[in-house]
Amino acid sequence: MTTLTGPQRDLVGYGAHIPKVTWPDNANIAVNIVVNYEEGSEYSHAAGDGENDVLGDSGYRFPAHVRDLAQESMYEYGSRAGIWRLLRLFDELHVPATFFGCAVAFEKNPAVAAYASRAGHDLVSHGWRWEEHWRLSRDEEREHIRLAVESFEKTWGSRPTGWYCRYGPSVNTRELVVEEGGFDFDCDAYNDDLPYFTTVNGKEHLVVPYSQTYNDSQGSKNPSEFLDYIKRAFDELWLEGERGFPKMMSIGLHPRLVGQAARTSALREFITYAQQRGGVWFARRNDIADWWSTHHQDFPLVDSLRASC
């Protein structure tokens, strides 16, 4: 019998007894828009790797030993054009966002980090590179966390206090994040609509779950389908909040994908719709983490099944 390493599974969570959350201004829903800034830090021959990453507008994969200039240029679109289209949209609609930033990506284009920081967006570390942490030894992963923090202090102007791996974390990640000492929370989970606390080596640690579901990398990448998907999610979560059980919603974006004009149009339509409906708190991820850390003890656990009868 093998010994389980890493975090223990929790298949219960809050269960039927959900925290009756109060968001700022009694909002029905907290929406966090997340920009995954990875361009230039992905696996590529240009970076000395023996493979080319995909997750662009083409799923065609070159043989591992052949440099894929087309795929590289799709990533370049995100850093050259897509990210600036998104930043202009956020400025226009006065919406704060969170950057899941890869340190090397900001090093390749520091103007993005400088502008996003000045504009008031916040930063969660997406790693030193856009790499799979399960490939790293424990010591390698610890060193890459250190390198990421050191790099962000130069490009962003301050260290991040939140952490999120490229899907998914290793069995060592959460322990190493807590061990580092400067992170208040991580987002390496997809198992709830609300933040929660867990225990890591005897220390209380906050998890602010993320979403692969409400994410521009899923499905056909058709703008209308993306809009319909996130709008339906927003409406249902908004209704749950109206009925007394506010939740949070993470919307994951990639500049090389949603930064294309047609998909930015869909994102614009969603944000405008949500703003006009009201009852929404567009929040940065650090804002949600801070609010939860400060106020969670004031949220009573209510039987959601009886309350709905």
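Here we summarise the structure given alongside this text. The shown structure was predicted, so the numbers you read here are calculated from the model rather than taken from an experiment. (Residues numbered from 1 in each chain as written. Predicted model: local features only at pLDDT ≥ 70, side-chain atom pairs only at ≥ 80, totals over all residues. Heavy atoms only, no water.)

1. Observations concerning the packing of aromatic side chains
Aromatic ring pairs: the centre-centre distance and the angle between the two ring planes describe each pair.
Then step 1. Overall, the coordinates contain 21 aromatic pairs when judged by the stated rule.
Then step 2. Ring geometry for Tyr37 against Phe106: centres 5.2 Å apart, planes inclined by 15 degrees, an arrangement best described as stacked. Of this pair, Tyr37 sits in strand S2 (residues 29–37) while Phe106 sits in helix H2 (residues 103–108), placing them 69 residues apart in sequence. There is no split in this pair, since Tyr37 and Phe106 are both buried.
Then step 3. Positioned above the aromatic ring of Tyr273, the side-chain terminus of Lys231 is 4.4 Å from the ring centre.
Then step 4. The ring centre of Trp130 lies 5.2 Å from the NZ or CZ of Arg256, which sits over that ring. (Phe/Tyr/Trp six-rings, centres within 6.5 Å; stacked < 30°, edge-to-face > 60°. Helix = DSSP H or I, 4+ residues; strand = E, 2+ residues; numbered from the N terminus. Buried < 20%, exposed > 50% of the residue type's maximum accessible area, 1.4 Å probe, protein only. Lys NZ or Arg CZ within 6 Å of the ring centre and 35° of its normal.)

2. What to know about the nonpolar core
Then step 1. In this structure, Ile33, Phe99, Phe106, Met249 and Ile271 are the most contacted members of the largest nonpolar core, which totals 44 residues.
Then step 2. If you list the elements that add at least two residues to this core, you get S2, helix H1 (69–93), H2, helix H3 (110–118), helix H4 (138–155), helix H6 (223–242), strand S9 (247–253) and helix H7 (261–277).
Then step 3. Apart from residues no more than four positions distant in its own chain, Ile271 is found in contact with Ile33, Leu89, Leu93, Val95 and Phe282.
Then step 4. Grouped together as the second largest cluster of nonpolar side chains are 23 residues, Val21, Phe100, Phe245 and Ala283 included. (Core = buried A, V, L, I, M, F, W, Y, C linked by side-chain atoms within 4.5 Å. Contact = heavy atoms within 4.5 Å.)

3. Quick look at the pairing of S9
Then step 1. In terms of burial, S9 is largely enclosed, as seven of its seven residues are buried.
Then step 2. Alternating residues of S9 divide into Lys247, Met249, Ile251 and Leu253 and Met248, Ser250 and Gly252, and every residue in both groups is buried.
Then step 3. When S2 meets S9, the two strands line up parallel, connected through seven bridges. Paired with Val34 across the strands is Gly252, a residue of S9. (Pairing = 2+ DSSP bridges.)

4. Observations regarding the packing of H4 against helix H5 (residues 173–180)
Then step 1. One can describe the packing of H4 onto H5 by two numbers: an axis separation of 10 Å at closest approach and a directional angle of 45 degrees. Classed by the angle they form, the pair H4 and H5 counts as oblique. Seen along the crossing, H4 lies across H5 with a hand that is right-handed. Each of Arg138, Glu141, Arg142, Ile145 and Val149 in H4 lies in contact with H5, whose residues at this interface are Thr173, Glu175, Leu176, Val177, Glu179 and Glu180. (Axes fitted to C-alpha atoms, helices over the stretch in contact; angles between N-to-C directions. Parallel < 35°, antiparallel > 145°, perpendicular 65-115°, else oblique. Left-handed = near helix turned anticlockwise from the far one by under 90°.)

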